[in-house]
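Topology and contacts: notes
Spelled out from the first residue to the last, the chains are:
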Amino acid sequence: MKENLHRFFRAARGAGVRVSPAESIDAMRAVAEIGLSDRSILRDTFLLTLAKSEDEKKALGACFDLFFAQPELSQPSANDPSAAATQDNTPGAQTNGGEPTENLGPLAEMLLSQDRAAISAAVANASSAASLSEIRYFTQRGLFSTRILDAMGITRLRDDLDQLTTTSPALAERLQAATEALRDNIREAVSQALLLYGREEAENLRNEILRNAPLSRIEPRQIEQMRALIRQIARRLRERYSKPRKRQRRGHLDVRRTIRRNAAWGGVPFLTAWKRRRRDRPRIVALCDVSGSVARVSDFFLLLIHSLHEVVSDVRSFAFSGHLIEVSEILESKGAEEAMAEIMSKVGFGSSDYGGSFADFERQWMESVTPQTTVIVLGDARGNISIPARTSSAASPSDRSGWFGSIRRVA
């Protein structure tokens, strides 16, 4: 059972539930206390010990139902005349008009007797022997199905089929039908394992494709996946900047501070002080294109900027199409969907004018850009035959190009 719990924790991580080693130990201790007799209590125990949000509760509940589900075993077709014979649940019973089956292999006897409990146990044991929990991609389904069949003794079963074909054709037909049902059961078990253990790899593959795909080629069915990916990036940013920095206990020794700290002990260095590396707080200025040419992906841009406001304290955001406005207050005071709708109603779906928008920024908000500021421009860089960059005539060429050189362009 301990091995099954470890596999369940792995499946839960693949479903998006963050399960730490300490949390898995707590869950196993709780299971040891409440036992395994009541499935609903076991499910609630996992939800209480592992899930940390409503989304994780839903994902964990679905993972539990799938992991501990007992799939219905396929039966030989009822329309098959060879399946009409009486089936005894005892291995080695007299079948098909009293013909004995003692010379058959254990798998053939099990299939002919239709002992469902024994078949389920045999499939589970063979799946464990074939390391079915290591499946990651849908292209591996055939490979693992073959491994499970080999572990169950498919080679001996083929020999038994060949033997019965010459000695008892009717019994051979029954065994052939039962074998096809067994293959269906194994395919279903492999598909279930792929849903449990291959979800994380499939999700990583989809995210990698989305990260590298041009935004203009994003299909409508991928929009929700892109939203989830942006929320994941925002969560990582939040975790990175919200964690308290640990006290530095290695690196270069700060001799002066060490001497001052140990003055009470006559200069004996009981307490050490290390030189600190100063970490500047991030300062971001984000300019987001919401024109008609990026209408399909503008909500991604705004969602990313909204996420930046949640994790970075010093952010100023602007949106533009034909002209540029500041939207920092809107993004800070309203939710993502409401803020995006208001921004698009004010400045969205217009004709792109990068030159005019940059000139608006230079006239009104240029003082917000310092040497420590990162300027992010989100857009497709299409100016629709407008002047690329209009700057005030009073500025020198070097002044006009200075802040453009600090832009980090993200498109």
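Preceding this paragraph is the structure being described.
Heads up: these notes are all about the structure in this document. (Residues numbered from 1 in each chain as written. Predicted model: local features only at pLDDT ≥ 70, side-chain atom pairs only at ≥ 80, totals over all residues. Heavy atoms only, no water.)

**Quick notes on the packing of aromatic side chains**
Taken as a whole and assessed by the stated rule, the structure comprises 14 aromatic pairs. With a centroid separation of 6.0 Å and an interplanar angle of 55°, the aromatic rings of Phe46 and Phe64 are classed as tilted. With Phe46 in helix α3 (residues 39–50) and Phe64 in helix α4 (residues 54–67), this pair connects stretches of sequence that are 18 residues apart. No difference in accessibility class separates Phe46 from Phe64, as the two residues are buried. Between Phe320 and Tyr354, the aromatic rings sit 5.1 Å apart at their centres with planes inclined by 80°, giving edge-to-face as the arrangement. Of this pair, Phe320 sits in strand β2 (residues 314–320) while Tyr354 sits in helix α16 (residues 354–365); the two residues are 34 residues apart in sequence, bridging distant segments of the chain. For Phe320, a relative accessible area of 0% gives the class buried. Owing to a relative accessible area of 9%, Tyr354 belongs among the buried residues under this scheme. Across from the ring centre of Phe144, 5.0 Å away, lies the NZ or CZ of Arg147, which sits over that ring. (Phe/Tyr/Trp six-rings, centres within 6.5 Å; stacked < 30°, edge-to-face > 60°. Helix = DSSP H or I, 4+ residues; strand = E, 2+ residues; numbered from the N terminus. Buried < 20%, exposed > 50% of the residue type's maximum accessible area, 1.4 Å probe, protein only. Lys NZ or Arg CZ within 6 Å of the ring centre and 35° of its normal.)

**Section: the nonpolar core**
As a rule of thumb, nonpolar side chains are buried together in soluble globular proteins. In terms of nonpolar packing, the biggest core is built from 53 residues, with Phe8, Phe46, Leu60, Met152 and Leu182 touching the most fellow members. Those residues in contact with Phe46, other than ones at most four positions away along the chain, are Leu5, Phe8, Phe9, Ala27, Val31, Ala51, Leu60, Phe64 and Phe68. Judged by nonpolar contacts, the second largest core, of 30 residues, contains Met226, Ile284, Cys288 and Val347. (Core = buried A, V, L, I, M, F, W, Y, C linked by side-chain atoms within 4.5 Å. Contact = heavy atoms within 4.5 Å.)

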